[in-house]
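Here is how the chains run, residue by residue.
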Amino acid sequence: MASLNYYRMFWNYIKLLVKKDKTLGGTADEMAARRGGATFLYFEDEKISFAEFNRLANRRANLFHEHGVGKGDVVALMMENRPEYLTTLVGLSKLGAISAGINTNLTGAALIHSLKTAQGKKAIIGTECLPAFKEAMAQEQCLPPEEVYLDTRWEADTMPLSGSRNLNELLAQASEESPPGVSLSSGDLFMYIYTSGTTGMPKAARINHLRWYGAGLAFGWYAWGVRETDIIYCPLPLYHSNGALLAFGAALRNGAALALARRFSASSFWRDVRGYGATCFIYIGEVLRYLLNRPPEPTDKDHAVTRILGNGLRPDIWDAFKERFGIAHIREFYASTEGNAYTFNLDNVPGSVGKSLIKPSNLHLVKYDVENEEYIRGEKGFCQPCEPGELGELLGKIKGTTPFSGYTSDEESEKKLLRNVFKKGDVFFKTGDLLKTDEAGNFYFIDRIGDTFRWKGENVSTHEVAEIISTFPGVEIVTVYGVQVPGTDGRAGMAAVNMEAGTNFDSNAFYQFTAIALPSYAQPAFVRIRPELEVTGTFKLIKTGLKIAGYDPGQVSDPLFFRDSEKQSYVPVDQALYGKIRSGSVRI
């Protein structure tokens, strides 16, 4: 068991860091001087030392300094996992600029929204992402083409965006010396990380240098035990906090090596881990389930991994994964990109997200009426704390050592605040998550509040998906919700659709439409065609009955369809297909 003295020592160190100016660029400089020729990055067949990584970052910093990027400027960054993503992130941070990490799965309206939200002065686009970016720019020009810089590593789109710049050619002339000095503090922003939140389009969470450095310390050094001898394998995207803050932060801050995968692949995962000699890796629950679902192999335990860090590992596969692959330590945590509420499971308690490190804790579970979506308050108007075993929303008290930096939108930031919780004038961050605790103080994640559900490692906004589906020809009304599928984490998307009179549902056309208009994780797995949809007196769509019936043809007389990726169509759901889906023999 982790001792309380260790908790106190750690938290005193965190409070001390708040007073210091720790920055991403400064850490890269420090590690280049200290670790020099040691390997920092592994990617495919390439090895990059700490010193070389810093020189490459300087090259990008100097180029964009010459092109007018300075402190406070925002640059949209859209590329898959590769060394250039990180050298760009560090290089721009040395100028005091802010990288807006664009989700590479986005297309259409969601991509346009993210680009417009960033209000970027420039954009750096990996040519592997160029088709989606060009399509978005054709719909709405978010910035002049001459402010778009194309970065090519692999053969990709052969028709570059007209008027854009070739970043590779420009970098060949840039200096590798330290860029002009900029006055920076740990409180300055260096990145926007987009989060779906609970409603609407993606929101840009404001990430400062201290949050990155603190993640490397708290998650990397303390919870994960990362040291200079470690090699961290990261198959998760760098536009997400797990990649950019936790894996990258843990490696660079602690002088360890980072092995990047371009994207997650269950078939090549362990081959990569063995090939790089990884000693630890970062996960989300779905990754471990995919790995566990693969056929057992004699080499399952043939690797150097001793501990893993991540979130979303469900209790039903916890022990099975640990035993099959010989993982000694699973470090499950709870956190959010923008929030101030986080816990660590350092004691290997299956299914738990752990305990708060802060003593006294800033975390509180309060009673919440899920059906009416409101807080349960007492006679004096204050929230009611939960007892062990009782379900409630997790709140994080906002104070100097546990701040909330918010989003680029003040309006969206205010929506995440809850005031007058236990006394007049106090302010808490609303996580939007339902948890419970046991008698020992361990937290357990239960579910998201409201309309957002989690699928394939992403938060899916039902409002956003419904708005896009409503543009499909013939759709009158649509509502979207998540449904549970045995053997999977999170909830699969399902849409209940009311078609216009005289219009039939074209399953082939709808498949093609969603493939283009929605990211893969937001494409509904199931569709139910309804003659009409129930609404409340205030015209809110009622989903309760729809969620209960789900995709079971025994409970639903309406036409039901399943998204079949092999046939590239939505196919009817009968009892036979329903049984295959429930048994896990059909891939979702």
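Bear in mind that the values here come from a model prediction, so they are computed numbers and not experimental data.

**Observations regarding the overall build of the protein**
Argument step 1. Scanning the protein from terminus to terminus reveals 17 helices and 29 strands.
Argument step 2. Oriented by its inertia axes, the alpha-carbon framework of the protein measures out at about 70 × 60 × 55 Å.
Argument step 3. In the protein, once contacts between residues fewer than 6 apart in sequence are set aside, the share between residues at least 24 apart is 69%.
Argument step 4. Put simply, the protein shows about 24500 Å² of open surface, and 49% of that area lies on carbon and sulfur atoms.

**Some points on the environment of C383**
Argument step 1. Along the chain, the position of C383 falls in the loop between β18 (374-375) and β19 (392-397).
Argument step 2. Spatially, the C-alpha atoms of C383 and Y368 are 8.9 Å apart, while their sequence positions differ by 15 residues.
Argument step 3. With near-sequence residues (within four places) excluded, C383 lies in contact with V366, Y375, I376, R377, L418, V421 and F422.

**Quick word on the sheet that holds strand β8 (residues 189-195)**
Argument step 1. Reading across from one edge, β7-β6-β5-β3-β4-β8-β9 is the order of the seven strands in this open sheet, with mixed pairing throughout. On the outer flanks of this sheet lie β7 (165-166) and β9 (203-208), each paired with one strand and no other.
Argument step 2. Where β8 and β9 come together, six bridges link them in antiparallel fashion. Across the sheet, T195 pairs through a bridge with K203, a residue of β9.

**Section: the packing of aromatic side chains**
Argument step 1. If you walk through the whole model with that rule in mind, you get 34 aromatic pairs.
Argument step 2. Residues F264 and Y290 carry aromatic rings whose centres are separated by 6.0 Å and whose planes lie at 20 degrees to one another, so their mutual orientation is stacked. Here Y290 lies in helix α11 (residues 285-293) and F264 lies in the loop between β11 (257-260) and α10 (269-276), a separation of 26 residues in the sequence.
Argument step 3. On the numbers, 4.9 Å between centres and 20 degrees between planes, the contact of W270 with F325 is stacked. In this pair, W270 sits in helix α10 while F325 sits in helix α12 (residues 315-325), placing the two residues 55 residues apart along the sequence.
Argument step 4. Aromatic rings pair up to connect Y42, Y233, F264, F269, W270, Y276, F281, Y290, F321 and F325 into one cluster.
Argument step 5. Here the basic side chain of K203 rests over the ring of Y407, its NZ or CZ set 5.3 Å away from the ring centre.
Argument step 6. The side chain of R262 reaches across the aromatic face of W154, ending 3.6 Å from its centre.

**Thoughts on the sheet that holds strand β13 (residues 307-311)**
Two orientations exist for strands paired in a sheet by backbone hydrogen bonds: parallel and antiparallel.
Argument step 1. Taken together, the eight strands give an open sheet; going across it, the order is β2-β1-β11-β10-β12-β13-β14-β15, and neighbouring strands pair in mixed fashion. The two strands at the open ends of the sheet, each matched to only one other strand, are β2 (46-49) and β15 (343-344).
Argument step 2. Along the sheet face, helix α3 (residues 50-66) touches β1 (39-43) and β2 and points at about 85 degrees away from the line of β2.

**Side note on the side chain of K94**
Argument step 1. Mapped onto the secondary structure, K94 falls in helix α4 (residues 83-94).
Argument step 2. A relative accessible area of 8% places K94 in the buried class.
Argument step 3. There is a polar contact of 2.7 Å between the side chain of K94 and the side chain of N54.
Argument step 4. Every residue in contact with K94, bar those within four places of it in the chain, is listed here: G25, D29, N54, N58, A61, P179, V182 and L184.

**Notes on helix α8 (residues 209-224)**
Argument step 1. Across the 16 residues of α8, 13 count as buried, placing the element largely inside the fold.
Argument step 2. The distance from a side-chain oxygen at the start of α8 to the backbone nitrogen of L210 is 3.3 Å, and the residue carrying that oxygen is N208.
Argument step 3. Residue G225 follows α8 closely and has a positive phi angle near 70 degrees.

**Observations regarding the pattern of salt bridges**
Argument step 1. Summed over all chains, the structure comprises 27 salt bridges.
Argument step 2. Here E412 ties to K415 by a salt bridge, and the two come within 3.5 Å at their closest N and O atoms. Of this pair, E412 and K415 are both found in helix α13 (residues 410-415), three residues apart, which corresponds to roughly one turn of the helix.
Argument step 3. On the basis of relative accessible area, E412 is assigned to the partly exposed category, the value being 21%.
Argument step 4. One salt-bridge network, held together by shared partners, links E46, R60, R82, E84, E128, D151 and R153.

**Concerning the packing of α3 against α4**
Argument step 1. One way to put it is that α3 packs onto α4 with a least axis distance of 7 Å and a crossing angle of 55 degrees. Compared by their axis directions, α3 and α4 come out oblique. As α3 runs across α4, the sense of the crossing is right-handed. Here F53, N54, L56, A57, N58, R60, A61 and F64 of α3 come into contact with α4, specifically with E84, L86, T87, T88, V90, G91, L92 and K94.
Argument step 2. Looking at side-chain class alone, the contact of α3 with α4 contains eight nonpolar, five polar and three charged residues.

What counts and what doesn't
Residues numbered from 1 in each chain as written. Predicted model: local features only at pLDDT ≥ 70, side-chain atom pairs only at ≥ 80, totals over all residues. Heavy atoms only, no water. Helix = DSSP H or I, 4+ residues; strand = E, 2+ residues; numbered from the N terminus. Contact = heavy atoms within 4.5 Å. Areas by Shrake-Rupley, 256 points an atom, 1.4 Å probe, with all protein chains shown as cover. Pairing = 2+ DSSP bridges. Phe/Tyr/Trp six-rings, centres within 6.5 Å; stacked < 30°, edge-to-face > 60°. Lys NZ or Arg CZ within 6 Å of the ring centre and 35° of its normal. Axes fitted to C-alpha atoms, helices over the stretch in contact; angles between N-to-C directions. Buried < 20%, exposed > 50% of the residue type's maximum accessible area, 1.4 Å probe, protein only. Polar contact = N/O pair within 3.5 Å; in protein donor to acceptor, adjacent residues only side chain to side chain. Salt bridge = Lys/Arg side-chain N within 4 Å of Asp/Glu carboxyl O. Parallel < 35°, antiparallel > 145°, perpendicular 65-115°, else oblique. Left-handed = near helix turned anticlockwise from the far one by under 90°. Nonpolar A, V, L, I, M, F, W, Y, C, P; charged D, E, K, R; others polar.

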